[in-house]
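An overview of the molecular structure
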Amino acid sequence: MMDASAERVLEYLTEVEEAAEDILTSKQQIVELDTKRNRNREALNALRDDTSASDKVKVCFGNMFIKFPKSKTREMIQKDQEQLDKEINNLRQGLKTKVNCLNDMQGKPELRGYSLSPLSSDEIRGINILLRR
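Throughout this description, residue numbers start from 1 for each chain and increase along the sequence as written. Reporting in this predicted model follows two pLDDT cut-offs: at least 70 for local features of residues, and 80 or more for side-chain atom pairs to be given and counted; totals over whole chains, interfaces and linings ignore these cut-offs and use all residues. As a convention, hydrogens and water are excluded, and side-chain values are obtained from all of the structure's heavy atoms.

**Some remarks on the overall build of the protein**
The helix and strand inventory of the protein stands at 3 helices and 2 strands. In DSSP terms, a helix is any run of H or I states spanning at least four residues, a strand is any run of E spanning at least two, and both are numbered starting from the N terminus. Mapped from its N terminus to its C terminus, the protein presents α and β elements in the order α-β-β-α-α. What you see for the protein is a C-alpha radius of gyration of 23 Å, clearly larger than the 14 Å of a compact globule of 133 residues, by over 25%. In terms of overall dimensions, the protein has a C-alpha envelope of 75 × 60 × 15 Å along the principal axes. It is over C-alpha atoms that the radius of gyration is taken, and the globule rule equals 2.2 Å times the number of residues to the power 0.38.

**Thoughts on the environment of Phe68**
Following the sequence through the fold, Phe68 ends up in strand 2 (residues 64–69). Throughout this description, buried means an accessible area under 20% of the type-specific maximum (1.4 Å probe, protein chains only), exposed means over 50%, and partly exposed covers the range between. Residue Phe68 is classed as partly exposed on the basis of its relative accessible area of 23%. In this structure, the C-alpha to C-alpha distance between Phe68 and Val57, residues 11 residues apart in sequence, is 5.5 Å. Any pair of residues with heavy atoms lying within 4.5 Å of one another is described as a contacting pair. With near-sequence residues (within four places) excluded, Phe68 lies in contact with Asp55, Lys56, Val57, Val59, Phe61, Thr73 and Met76.

On their own, these measurements won't tell you what the molecule is for.
Here it is, written out as structure tokens:
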């Protein structure tokens, strides 16, 4: 049998390990979604650069290819891109809190500048107007 202090250490290490695994899982999900987003971007570019006279393109759904109108295909891919962007941003936001939680568990200070967010287009316009004066 373990004494109480050894059990607390084991419990602490288990919690830290679980938090680290959760962070790694989120990072892997981000990588996978980003890969899919890049494939979609390539498909949109291929549709844009396609010079064939055909109004339909072959689209792969699972293990089948189906002829689909170019406009509908482009629309579907763009909607998928928007959904992927939302999912990636949500995972990145959650990742920040998970990393801060892990740092707290390990007694490390919170990362400085890690919670920064980019300026919006309105904020950039405002800054540019101020700088022109």
